[in-house]
Amino acid sequence: MSKSPIVSVAPLSFPWQTLDPFLFCVHHHDNYPAGDARMAPVASLAGRDLGQDFSGKDGWSMYHGQTVPGFPTHPHRGFETVTIVRQGRIDHADSAGATARFGDGDVQWLTAGQGIVHCEMFPLLHTDAPNPTELFQIWLNLPAKNKMAAPHFTMFWSEDIPRQTATDANGLHTHIACIAGTLTGARCLPAPPDSWASDPSADLAILTLAMAPGARWTLPAAQSAQTRRQLYFFKGAQLTLAGQILPSATVVEVAGDQAVELENGAEPAELLLLQGRPIGEPVAQYGPFVMNTQQEIQQAFADYRRTGFGGWPWPASDPVHPRGQGRFALHPDGRRESRDA
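Every value quoted in this text rests on a predicted model; they were computed, and no experiment measured them. (Residues numbered from 1 in each chain as written. Predicted model: local features only at pLDDT ≥ 70, side-chain atom pairs only at ≥ 80, totals over all residues. Heavy atoms only, no water.)

1. Brief notes about the overall build of the chain
Counting secondary structure elements, the chain contains 1 helix and 24 strands. Over its C-alpha atoms the chain spans a radius of gyration of 20 Å, differing by no more than 12% from the 20 Å that the globule rule assigns to 341 residues. Seen along its three principal axes, the alpha-carbon backbone of the chain occupies a region of about 65 × 50 × 40 Å. Considering only residue pairs separated by 6 or more positions, the chain has 73% of its internal contacts joining residues 24 or more positions apart. Looking at the chain as shown, the accessible area adds up to about 14300 Å², and 53% of this sits on carbon and sulfur atoms. Distance from the positive charge centre (24 side chains) to the negative charge centre (33 side chains) of the chain: 2 Å. (Helix = DSSP H or I, 4+ residues; strand = E, 2+ residues; numbered from the N terminus. Rg over C-alpha atoms; globule rule 2.2 N^0.38 Å. Contact = heavy atoms within 4.5 Å. Areas by Shrake-Rupley, 256 points an atom, 1.4 Å probe, with all protein chains shown as cover. Lys, Arg positive; Asp, Glu negative; His and termini not counted. Charge placed at Lys NZ, Arg CZ, Asp CG, Glu CD.)

Structure follows, in structure tokens:
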């Protein structure tokens, strides 16, 4: 009898559980109301702990935002953030001089490296309709040799992200978006140069899956048993994985050296896959800094107090672009990408 590929099963926590080389994963899904002239919610903010509002009151949170929801200026060192926006728009600005507006399938990959300050605000563009906003933010660790790399800002535009459709024997579809890796045979966009994902031996993959009711799909085996991976079943009713029935809001670790068969239940299902060979180094973390030793954490605080990681070149700690601004990115070297007419 073959060994089950299921290593462990657990309910999803907040934030979601992760395995080395991943440090953090959170799924934000906010049903924001219409926006006002400031792109702030047309709603009372009474009863919210502004600056620290994770309440989910009325279906949405302000997070650290005071006027526009989101995350005003904060520093990072020693890891990367991968932000996958499924709905809505994100306005980004950072201390290296990059700024952007992205969303609706776009991905931003930011190597903090030796240190960067950035903000991520959620402008509510629609004045006459709700502004649903949904995203994943994933923290990916950097190996010690790359923790002090120069910061690097990358945009993966939705139109450029490889997408596949697998059709099972009954004609039912599973749609796959390939953010990183070669697990499904797709040629994903290149990860930043100092990323763990840029090392072929890291076997890193980030996929999103959307399965039709009743659809079957087989997750291919990874490079080896040393690769660790988790499937996050966050939307749907029921999923059968390697013969085991799972409810929604479940995370499953599966073996790296085995293919895994998924069969969806009666409702559409969505999953996120995070996969990679562990970096296998000590992790010292304090808030937004992730290093290998406590001494390095203390140095990160000292460096931030001394340099501000380059200072803040923007006029506010929570800047947003004009309402009519489309999807775009301005890179630190002055290169500009525009994706909306």
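2. Describing the sheet that holds strand 19 (residues 260-264)
One open sheet holds the 4 strands; their spatial order is 14-19-16-17, and the pairing between them is antiparallel. Edge positions in the open sheet fall to strand 14 (216-219) and strand 17 (244-247), since each of these has one partner strand only. Neighbour-to-neighbour, the strand axes of the sheet open up by a mean angle of 25°, direction not taken into account. (Pairing = 2+ DSSP bridges. Axes fitted to C-alpha atoms, helices over the stretch in contact; angles between N-to-C directions.)

3. What about the layout of surface pockets?
Of the volumes computed, that of the largest pocket is approximately 410 Å³. Looking at the largest pocket, it is lined by 21 residues, and the ones nearest its centre are Phe 24, Phe 71, His 74, Gln 137 and Trp 139. Of all the secondary structure elements, the ones that give two or more residues to the lining of the largest pocket are strand 2 (22-32), strand 3 (70-76) and strand 9 (131-141). A class-by-class count of the residues in the lining of the largest pocket yields 11 nonpolar, 9 polar and 1 charged. There is about 350 Å³ of room inside the second largest pocket. Around the second largest pocket, the lining comprises 22 residues; the ones closest to its centre are Ala 180, Gly 181, Thr 182, Ala 197 and Leu 204. (1 Å grid on protein atoms, 1.4 Å probe; cavity = no way out; pocket = protein on both sides within 12 Å on 5 of 7 lines; lining within 4 Å. Points joined across faces, edges and corners; volume = space filled by probe spheres on them. Nonpolar A, V, L, I, M, F, W, Y, C, P; charged D, E, K, R; others polar.)

4. Things to note about empty space enclosed by the protein
This model, assessed by the stated rule, comprises 1 cavity of 30 Å³ or more. Here the largest cavity defines a volume of roughly 40 Å³. Elements with a contribution of two residues or more to the lining of the largest cavity: strand 15 (228-235) and strand 20 (269-276). At 4 residues, the largest contribution of residues to the lining of the largest cavity is made by strand 15. Residue composition of the lining of the largest cavity, grouped by class: 5 nonpolar, 2 polar and 3 charged.

5. As for the pattern of salt bridges
When charged atoms on two side chains of opposite charge get close, those side chains can pair. Counted by the stated rule, this structure contains 19 salt bridges. Asp 53 is the partner of Arg 48 in a salt bridge, and the nearest nitrogen-oxygen pair spans 2.8 Å. Across this residue pair, the class does not change: Arg 48 and Asp 53 are buried. With its nearest N and O atoms 3.4 Å apart, the salt bridge here joins Glu 270 to Lys 235. Of the two residues, Glu 270 is situated in strand 20 and Lys 235 in strand 15; the sequence distance between them amounts to 35 residues. A relative accessible area of 43% places Lys 235 in the partly exposed class. (Salt bridge = Lys/Arg side-chain N within 4 Å of Asp/Glu carboxyl O. Buried < 20%, exposed > 50% of the residue type's maximum accessible area, 1.4 Å probe, protein only.)

6. As for the side chain of Asp 106
Within the secondary structure, Asp 106 sits in the loop between strand 6 (99-103) and strand 7 (107-111). By relative accessible area, which is 0% here, Asp 106 ends up buried.

7. Topic: the packing of aromatic side chains
Under the defined criterion, the tally for this structure stands at 18 aromatic pairs. Between Trp 16 and Phe 136, the aromatic rings sit 5.7 Å apart at their centres with planes inclined by 50°, giving tilted as the arrangement. You can see Trp 16 sitting in the loop between strand 1 (6-11) and strand 2 and its partner Phe 136 sitting in strand 9, a full 120 residues away along the chain. Ring-pair connections join several aromatic residues into one group, and the members of that group are Tyr 286, Phe 289, Phe 301, Tyr 304 and Phe 309. Above the plane of the ring of Trp 60 lies Arg 48, whose end atom (NZ or CZ) is 3.6 Å from the centre. (Phe/Tyr/Trp six-rings, centres within 6.5 Å; stacked < 30°, edge-to-face > 60°. Lys NZ or Arg CZ within 6 Å of the ring centre and 35° of its normal.)

8. Here we look at the side chain of Thr 83
On the secondary structure map, Thr 83 appears in strand 4 (residues 79-87). Residue classification places Thr 83 among the buried positions, given a relative accessible area of 3%. A polar contact is formed between the side chain of Thr 83 and the side chain of Gln 137, at a distance of 3.0 Å. For Thr 83, the residues in contact, after removing those within four places along its chain, are Phe 102, Asp 106, Val 107, Gln 108, Glu 120, Leu 135, Phe 136 and Gln 137. (Polar contact = N/O pair within 3.5 Å; in protein donor to acceptor, adjacent residues only side chain to side chain.)

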